[in-house]
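# Topology and contacts: notes
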Amino acid sequence: MSRTTKHNPERGDARTRLLDAALCVIRAKGFAGTSVDDLCRAAGVTKGAYFHHFKSKDALGVAAAQHWAETTTAFFAGAPYHAAEDALDRVLAYVAFRRSIIAGELADFTCLVGTMVQEVYATSPTIRDACGASIFGHAETLEADIAAAMRDRGISADWTAASLARHMQTVTQGAFVLAKAGNDPALAHEALDHLDRYTRLLFDCTHKE
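Presented here is an overview of the structure given in this document. This structure is a prediction, so every number in the text was calculated from the model and none was measured.

Turning to the overall build of the protein, a few remarks are in order. Secondary structure assignment for the protein yields ten helices and zero strands. Listed by position from the N terminus, the elements making up the protein come as α-α-α-α-α-α-α-α-α-α. Scaling as 2.2 N^0.38, a compact globule of 209 residues should have a C-alpha radius of gyration of about 17 Å, and the protein matches this with 18 Å. Principal axes of the C-alpha set define a box for the protein whose edges measure 65 × 35 × 30 Å. In the protein, which comprises 209 residues, the proportion classed as buried is 49%. Taking contacts inside the protein between residues at least 6 apart in sequence as the whole, the part at least 24 apart equals 66%.

This is how it looks when you write it as structure tokens:
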């Protein structure tokens, strides 16, 4: 993804600069803690430019979630975990890739939409739905490989490719929460290590001879 991890976004039109700034600032300060001044300062634009593009803070939140979805979709589409020939190897490589990009400051690797939805799920349905579209949309990209791995191994179970894909997002988002709570990225690594072990056991132990 063109994962924006700096507080000085790439130069471009004011709207894009504000959205790139939002990806950084909101992950660092939270949605409620991020002010218009913060965003304008990080983007290098005026308040007039902000209000020209976004009529409210909720409008900015929705647009930021959509911008995150677009940039992360491109990032994961080009990631190396797609290269493996075996479907289960691709699934495990996805987990390994998610672990590998947990690096740097907490705000650099944690999830914008996961951060926002925890704050606004009950107060801003429009932001909640935009965040949900991003999280569930990403989960859907894993379903084909999981389903293929199940077919390859003759697995018929009471869980589905879709449910496992969502569980992977549950673990990943929870890993970010624990890393924040403990102020320690190693806690996120630990969670992804357990996800790798769980996935391997799930496929091995449910295999039908």
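For the rest of this paragraph, the subject is unusual backbone geometry. You will see that asparagine 183, though not glycine, has its phi angle at about 50 degrees, which is positive. The residue asparagine 183 is located in the loop between helix H9 (161–182) and helix H10 (185–205) in this model.

The next subject is the packing of helix H7 (residues 112–120) against helix H8 (residues 125–152). Two packed helices can be described by the angle between their axes and the distance between those axes. For the pair H7 and H8, interaxial distance at closest approach is 9 Å and the crossing angle is 145 degrees. In the crossing of H7 with H8, the sense of the turn from one axis to the other is left-handed. Each of Val113, Gly114, Met116, Val117 and Val120 in H7 lies in contact with H8, whose residues at this interface are Ile127, Arg128, Cys131, Ser134 and Ile135. Per-class residue counts for the contact of H7 with H8 are seven nonpolar, two polar and one charged.

Following the sequence through the fold, arginine 200 ends up in helix H10. C-alpha separation for the pair arginine 200 and histidine 138, spaced 62 residues apart in sequence, amounts to 21 Å.

Going through the model one piece at a time under the given rule, you end up with eight salt bridges. Here lysine 47 makes a salt bridge to aspartate 37, at a shortest N to O gap of 3.1 Å. Of this pair, lysine 47 sits in helix H3 (residues 47–53) while aspartate 37 is found in helix H2 (residues 36–43), placing the two residues ten residues apart along the sequence. A relative accessible area of 37% means that aspartate 37 is categorised as partly exposed. For the salt bridge of aspartate 38 with arginine 41, the shortest nitrogen-to-oxygen distance reads 3.3 Å. You can see aspartate 38 and its partner arginine 41 sitting in helix H2, three residues apart, about one turn around the helix. Here aspartate 38 falls in the buried class, since its relative accessible area comes to 14%. Residue class for arginine 41 comes out exposed when judged on its relative accessible area of 60%.

At a closest axis distance of 8 Å, the pairing of helix H1 (residues 14–29) and H2 adopts a crossing angle of 125 degrees. Here H1 is positioned oblique relative to H2, judged by the angle of their axes. Relative to H2, the crossing made by H1 is right-handed. In this structure, H1 contributes Arg17, Leu18, Ala21, Ala22, Val25 and Lys29 to the contact, and H2 contributes Asp38, Leu39, Cys40, Ala42 and Ala43. Its residues placed into classes, the contact of H1 with H2 shows eight nonpolar, no polar and three charged.

Our next topic: the environment of leucine 19. Tracing the chain through its elements places leucine 19 in helix H1. Remark: the alpha-carbon pair of leucine 19 and alanine 43, spanning 24 residues in sequence, is separated by 8.3 Å. Leave out the neighbours within four places in its chain, and leucine 19 touches Phe54, Leu60, Ala63, Ala64 and His67.

So, how was this worked out
Residues numbered from 1 in each chain as written. Predicted model: local features only at pLDDT ≥ 70, side-chain atom pairs only at ≥ 80, totals over all residues. Heavy atoms only, no water. Helix = DSSP H or I, 4+ residues; strand = E, 2+ residues; numbered from the N terminus. Rg over C-alpha atoms; globule rule 2.2 N^0.38 Å. Buried < 20%, exposed > 50% of the residue type's maximum accessible area, 1.4 Å probe, protein only. Contact = heavy atoms within 4.5 Å. Axes fitted to C-alpha atoms, helices over the stretch in contact; angles between N-to-C directions. Left-handed = near helix turned anticlockwise from the far one by under 90°. Nonpolar A, V, L, I, M, F, W, Y, C, P; charged D, E, K, R; others polar. Salt bridge = Lys/Arg side-chain N within 4 Å of Asp/Glu carboxyl O. Parallel < 35°, antiparallel > 145°, perpendicular 65-115°, else oblique.

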